[in-house]
Amino acid sequence: MEQGMGNIQWFPGHMTKTKRKIQASLPLVDMVVEIIDARIPVSSRNPDLDTLVAGKPRVIILNKTDIADEKATDEWIRMFQQAGVAALEMDCKSGRGVNAFSPAVRRVLAEQIARWKEKGMVSRPIRMMIAGIPNSGKSSFINRLSHGGKAKVEDRPGVTRGNQWYVTAEGYQMLDTPGVLWPKFEDQTVAQHLAYTGAIRDEVLDSEELACGLLGILASRYPENLRERYKLTGDLPEDRWELLQQIGRKRGMLVSGGEVNTERAAVMLLDEFRGGKIGRITLELPETKAETGEPV
């Protein structure tokens, strides 16, 4: 566990209701599109989803690749593909990589589409469920493909009731689902990584502890990024609290007496990491996957 983080707890209040809604909606769709954060491909995948959507064709979108480490993203895509899972890298905000989505859908559903054609169902629309944890970019993905337009899918009784449907330019019908976060954090590393990227609300966390935990990873794996962004020289201190103070001092975040406003420095550091200003950074690599026991 990285330095400087207390235990993070999550209350699974709405989780059961969300799971029920996903299970009830599965018969309405042909496939599931799972949006994950390319910086934390393990922690941003809810393991319950594997069980919930078992048997459904699936495409995994590694989103936010514009602020993730390119080499790491390539490794993750390769790992998913070797496991027989269709995976695409994408930046939903800019639209980079979106053009590869439709061909991937048609590859994954090739046999199903062929069966529809045999039955004369040439214009049968492809229906897909869009799933992902909060802050993974699910809304950006839907908005990018549907241009913000809600669908009017009324050709089957019950399809639209209580569900949010969107239609893409290709005629795909996308069903939005509530963001599903992990019901409990047995592995605190997962909780921390979700917190670093903003998937857990900052109000329930100590920003200084969070920043020190993040600095532990950055100083170890991306020291040059820290040096360049914050004009640091020499060896980085092993004490992450001292490193946070150095960064705050470089940014002139001082209070009376010349002390560093570490809370302000921590908030700044987290904001800059989340915005990609410290560089293209991935916190989880394929070789670390086994540590959390997360299935592909």
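Residues numbered from 1 in each chain as written. Predicted model: local features only at pLDDT ≥ 70, side-chain atom pairs only at ≥ 80, totals over all residues. Heavy atoms only, no water.

Observations regarding the pairing of strand 5 (residues 164-167)
In the sheet, strand 5 pairs with strand 6 (residues 173-176) via 4 bridges, with the strands oriented antiparallel. Each residue of the ladder has a partner; that of Q164, found in strand 6, is D176. (Pairing = 2+ DSSP bridges. Helix = DSSP H or I, 4+ residues; strand = E, 2+ residues; numbered from the N terminus.)

Let's talk about the pattern of salt bridges
Under the counting rule described, the total for this entry stands at 13 salt bridges. The salt bridge involving E34 is made with R58; its shortest N-O contact spans 2.8 Å. One end of the pair, E34, is in strand 1 (residues 31-37); the other, R58, is in strand 2 (residues 58-63), with 24 residues separating them in the sequence. Taking the shortest distance from any N to any O, the salt bridge between E224 and R227 comes out at 2.5 Å. Here E224 and its partner R227 are both found in helix 9 (residues 223-230), 3 residues apart, which amounts to about one turn of the helix. Of the residues examined, E224 reaches a relative accessible area of 51% and is grouped as exposed. Through salt bridges that share partners, E34, R45, D50 and R58 make up one connected network. (Salt bridge = Lys/Arg side-chain N within 4 Å of Asp/Glu carboxyl O. Buried < 20%, exposed > 50% of the residue type's maximum accessible area, 1.4 Å probe, protein only.)

Some remarks on unusual backbone geometry
In most cases, non-glycine residues show a negative phi, while peptide bonds are predominantly trans. With a phi close to 65°, K64 is a non-glycine residue in the positive phi region. Residue position: K64 is located in the loop between strand 2 and helix 3 (70-82). Despite not being glycine, K231 has its phi angle at roughly 55°, a positive value. Within the secondary structure, K231 sits in the loop between helix 9 and helix 10 (240-250). The class for K231 is exposed, based on a relative accessible area of 58%.

Observations concerning the confidence of the model for the protein
Do not read the predicted coordinates in detail wherever pLDDT is low. This prediction gives the protein a mean pLDDT of 85; 84% of its residues lie at or above 70. A low-confidence stretch, residues 9-13 stays under pLDDT 50, and its non-local contacts, those more than four residues away or across chains, total 6 contacts. The low-confidence segment residues 151-161, where pLDDT is below 50, has 15 contacts with residues more than four positions distant or belonging to other chains. (pLDDT = per-residue confidence, 0-100. Contact = heavy atoms within 4.5 Å.)

Here we look at the sheet that holds strand 2
The strand order 3-2-1-4-6-5 describes an open sheet built from 6 strands, whose pairing is mixed. The open sheet has two edge strands with one neighbour each: strand 3 (86-89) and strand 5. With direction set aside, neighbouring strand axes in the sheet form an average angle of 25°. Note: strand 2 against strand 3, 4 bridges, orientation parallel. Paired with V59 across the two strands is A86, which belongs to strand 3. Lying on the sheet, helix 3 is in contact with strand 1, strand 2 and strand 3; it crosses strand 3 at an angle near 165°. (Axes fitted to C-alpha atoms, helices over the stretch in contact; angles between N-to-C directions.)

Considerations on the environment of K277
With respect to the helices and strands, K277 occurs in the loop between helix 11 (262-274) and helix 12 (289-292). Measuring from C-alpha to C-alpha, the distance between K277 and I67 comes to 8.4 Å, with 210 residues separating the pair along the chain. Other than its neighbours up to four places away in sequence, K277 contacts R229 and E272.

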